[in-house]
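What follows is each chain in one-letter form.
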Protein chains: 2
Amino acid sequence: MNKALQLFLGAAFLAMPAFAQQVEPLDATVVEKIRQEGLKNSQVMDIAFYLTDVNGPRLSGSTGLAKANQWTKDKLTSWGLKNAVIEPWGTFGKGWDVEKSYLALTKPYYQPMIGSPKAWTPSTNGPVKAQVMLVKATKEEDLAQYAGKLKGKVVMMEVTNPIKTTFTADASRYTDEQLQKMAEPVQPTAGRTPMTDEQRAAMQARRALVAKMSEMFLQEGAVAMFSGRSGSHGTYFTSNGASYAMDAKPVLPEFEMAQEDLARMSRLLAAGIPVEVELESKTRFLTDDQQGYNVIAEIPGTDKKLKSEIVMLGGHIDSWHAATGATDNAAGVAVMMEAVRIIKALNLQPKRTIRIALWGGEEQGLHGSRGYAKKHLGDPATMKLLPEHAKIAAYYNLDNGSGKIRGIYTQGNEAVAPLFTEWLKPFHDLGATTVTNRNTGGTDHLSFDGLGLPGFQFIQDGLEYNTRTHHTNMDTYDRLQAEDLKQASVIVASFVYQSATRKDKLPRKALPAVKPQS
Amino acid sequence: MNKALQLFLGAAFLAMPAFAQQVEPLDATVVEKIRQEGLKNSQVMDIAFYLTDVNGPRLSGSTGLAKANQWTKDKLTSWGLKNAVIEPWGTFGKGWDVEKSYLALTKPYYQPMIGSPKAWTPSTNGPVKAQVMLVKATKEEDLAQYAGKLKGKVVMMEVTNPIKTTFTADASRYTDEQLQKMAEPVQPTAGRTPMTDEQRAAMQARRALVAKMSEMFLQEGAVAMFSGRSGSHGTYFTSNGASYAMDAKPVLPEFEMAQEDLARMSRLLAAGIPVEVELESKTRFLTDDQQGYNVIAEIPGTDKKLKSEIVMLGGHIDSWHAATGATDNAAGVAVMMEAVRIIKALNLQPKRTIRIALWGGEEQGLHGSRGYAKKHLGDPATMKLLPEHAKIAAYYNLDNGSGKIRGIYTQGNEAVAPLFTEWLKPFHDLGATTVTNRNTGGTDHLSFDGLGLPGFQFIQDGLEYNTRTHHTNMDTYDRLQAEDLKQASVIVASFVYQSATRKDKLPRKALPAVKPQS
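Analysis parameters
- Residues numbered from 1 in each chain as written.
- Chains lettered and ligands numbered in written order.
- Predicted model: local features only at pLDDT ≥ 70, side-chain atom pairs only at ≥ 80, totals over all residues.
- Heavy atoms only, no water.
- UniProt positions renumbered as here; feature names shortened; annotations may be inferred.
- Helix = DSSP H or I, 4+ residues; strand = E, 2+ residues; numbered from the N terminus.
- Pairing = 2+ DSSP bridges.
- Contact = heavy atoms within 4.5 Å.
- Axes fitted to C-alpha atoms, helices over the stretch in contact; angles between N-to-C directions.
- Domains from an automatic or database assignment.
- Buried area = accessible area lost by both parts, 1.4 Å probe.
- Salt bridge = Lys/Arg side-chain N within 4 Å of Asp/Glu carboxyl O.
- Buried < 20%, exposed > 50% of the residue type's maximum accessible area, 1.4 Å probe, protein only.

Caption draft 1: View of the UniProt feature "domain: Peptidase M28" (unreviewed entry) in chain A. Here, the residues flagged by UniProt with the feature "domain: Peptidase M28" (unreviewed entry) are residues 294-495 of chain A. In residues 294-495 of chain A, helix accounts for 31% and strand for 22%; the two terminal C-alpha atoms are 23 Å from one another.

Caption draft 2: How the structure looks around the sheet that holds strand 7 (residues 224-227) of chain A. Residue and element names in this part refer to chain A. With mixed pairing, the eight strands of this open sheet are ordered in space as 3-2-9-5-6-7-8-4. Two strands bound the open sheet, and with one partner strand each, they are strand 3 (111-112) and strand 4 (115-117). Sheet analysis places strand 5 (residues 128-135) next to strand 6 (residues 154-157), joined by four bridges and oriented parallel. Its bridge partner being in strand 6, methionine 133 is matched across the sheet by valine 155. Packing of helix 7 (residues 259-270) onto the sheet brings it into contact with strand 2 (95-107), strand 3, strand 5, strand 6, strand 7, strand 8 (254-257) and strand 9 (276-286), and relative to strand 5 it is tilted by some 70°.

Caption draft 3: Up close: the domain arrangement of chain A. Residues and elements named next belong to chain A. Assigned domains within chain A: domain 1 (22-92 + 290-501) and domain 2 (96-284). A straight line from the C-alpha centre of domain 1 to that of domain 2 covers 32 Å. Roughly 3000 Å² of surface becomes buried between domain 1 and domain 2 when both sides are summed, with 51% attributable to carbon and sulfur atoms. Of all residues in domain 1, the largest losses of buried area upon contact with domain 2 belong to His321, Arg438 and Arg468, amounting jointly to 21% of the total for that side. With a shortest N-O distance of 2.9 Å, arginine 173 and aspartate 461 are connected by a salt bridge.

Caption draft 4: Expanded view of the pattern of salt bridges. Residues and elements named next belong to chain B. Under the counting rule described, the total for this entry stands at 64 salt bridges over all chains. Across the pair glutamate 37 and arginine 341 runs a salt bridge whose closest N-O atoms are separated by 2.9 Å. Of the two residues, glutamate 37 sits in helix 2 (residues 28-40) while arginine 341 sits in helix 8 (residues 326-345), which places them 304 residues apart along the sequence. With respect to class, glutamate 37 is no different from arginine 341; both count as buried. The closest approach of N and O atoms between arginine 264 and aspartate 261, which form a salt bridge, is 3.2 Å. Of this pair, arginine 264 and aspartate 261 both sit in helix 7 (residues 259-270), three residues apart, which is roughly one turn of that helix. Grouping residues by exposure puts arginine 264 and aspartate 261 together as buried.

Caption draft 5: Fine view of the side chain of B:Glu87. Assignment of secondary structure puts B:Glu87 in strand 1 (residues 82-91). In contact with B:Glu87, not counting residues within four places along its chain, are B:Gly292, B:Tyr293, B:Asn294, B:Ile296, B:Tyr372, B:Lys375 and B:His376.

Structure follows, in structure tokens:
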């Protein structure tokens, strides 16, 4: 090696002190124990069964979420975790439960239809029988023609995206090639292409039109709205039809429906054939407690000096309402709970404290983890940090469905890559091989990452997540893959235990700059 | 070539006189006209729209089927077809309509469920709220434990076949290799492996158990039954839950349901967690007219001598009730209607009479075509033939969904193979290439084939037929592939026109032997 190169490398190492960290392997004996417990005595499917089938939907603010919070807190306590608490993260708004949902076509003939109320929409005035009116509008002016014509009607927009028969499978796993590509170095900021100004303007115009329409339909005395986005074969995607804020604007009752039912009505109405429906939505708003909650519990650290430091793991426990949120995200919750169960069951003695967090309000904007971070760690708006910020060794998140772990995203934290590469080695035989410095977004590790803390989300096989389960009425227990969830539990338990036992906290990226107030 | 072989071949040719028939090509000018009309001015999707979206389900004996019969008769007449008639084929039994269907889980939490009443099941006693009871029984003795426990309950069997996530696409087309394999010579009798005695005994035992259970549940005062066979993601398969015979045994109201909903209740009950449901089924029996009907219409032949001979084409117009029977078999009806529309629109002058038949009662056992054959052509039990038997030049059927035509089955009629091979040539570019001497079953060409008449069904791409549409609640207009149906219309029109214009009727197989009475 020549002198110049040596000097260069030395300088490079100085600039990246984290690379100099010791890359310790996982303790093979512990890994073997974790594998035995997690693969042979797994409770992950039982946990998932209670969260989904037994508990039901867990929409933020709903009775179902409150029940699930209580159940998980009790369960974690029963395993010997300490300091279990259902902790408020701040103000959420109104809770909302569905008490009845009925939808049928009655003209030109009778047929039951598949759908359910959009979240936070009000009840119909009991059972309603009404004609459906098709509204075609691409700009506000198009709405004028409907003035005076909507009273007593159910309103829907024309369906302009017919279902396409696909010749590719709904479910898939990552191929070796895809994983290799994912591991290739890219700029840490790479990810979604940002919107162009034009796209942003178009989106804002669409939103403004939708808002205008909602207002008009309500004023004109329509009785309900039908809507839908995509999905097929009885699968539909769900979301909210109104704000959960206490001062939310009033809206009409609105149903999200199977595209087959919606498209049929659209075709009939476009052909001038009258459509009549029967429907009933009975929903209930819960306003007594407007707070949102996270469930927190700990396995206290055993090292006098290190036990004040914290390795966190978590995933959001809230879900959408039209199914039981199995892959989004009972799967993640069950895996994280199973991971701490394994550590407790084996009586492993982590030096640092392990803290599990089951977040609320994720679906409405990572509210639970953001509220938690702000309360305990610091404010990302000002980068004013709280003392506990210094104590967080790592945060691991799981929220991409039921697929097994294929690797981990470092979120551009290149210094942890050698550690993770080493820690994945005992799990290569289970398909977990890949460390990518890329970012992944959309879930609760961002609340840590945004404060410069080492927060990570695992790479998971997609399975049917994007096609069938994520936010759909078909996100049920049936979609959960037992072997995948067992594998994930074992890997998470190992990563968490290692993070709680190694000499140093995990390396951090530089603190993010304070963002200018917009 | 040696003398012995020559003699053998000579004898073989004598035994198969049809091979000596002239193999005429299709008239290129006519084919081009048919392609232009069928691919550019197609009405096949409009016809299908009326049969499905506008008309609705067409269960045998239902109001929907009666409407569809009238509409198709009128439509065929409007195109200039003659002798259009809604012709009774014999006694069917009771008609049945659904007037309301509502299903929801109410405990342990509220969630609407996907399902509908099984055909020919009675109404519930208005809206019912009831507990669900899981019955586990593999033999009659297992039922004793439920005596006295079913009053007021909804009863369901344990779901023992959990949904498996598949990594293959729902929809597919035949590959060249598959088509080649299909064209390879096999014994004409090859097809499904017949049941072993053991399998038959097991099936009979299962049926006997189901019958015994139905009887017991009714006697014990259960209020309804839940059932389901397969399907996933909101797609479920439908059938009948009772006989349509006038003297059918009484049964309970019964719902066929999405496997996700059924499996959830099964898991909850198996874990000892009470399940309560809300349901309502309102069905109506139609007993005024117990006859079944076919729709028949003709394009009269123009050749003085040949016009008494008949080329038939058809498909069944009845469907199951939980969707609009788009691929089973509005697709086949629309293609056959479009084929005669093309021939009329082009003012082609077929020498023989072309007769379209839209069969009723196919789903309950090819009743419509069998009744028609018995009335007009002969009795397959005695092989006593009627005069019109001699006049049938060919029958073409379409009933395998929305997939384009990839070829045709000769049903072991090897003498037509050279003709069909020639007639497919102008459609190789559209993917129709294959003639197979194999049999295909399950639909109305068998009513002709069983009388030794040349009755054929086309080979069609399967698309989603077996996975998503055949007899499911998702057999809707959305599943229809316009380009496939246009292609099929053009090929059928050409085959029918050629069959109606060539010198001879199509070659026939030997008359079947009279089957011994069982």
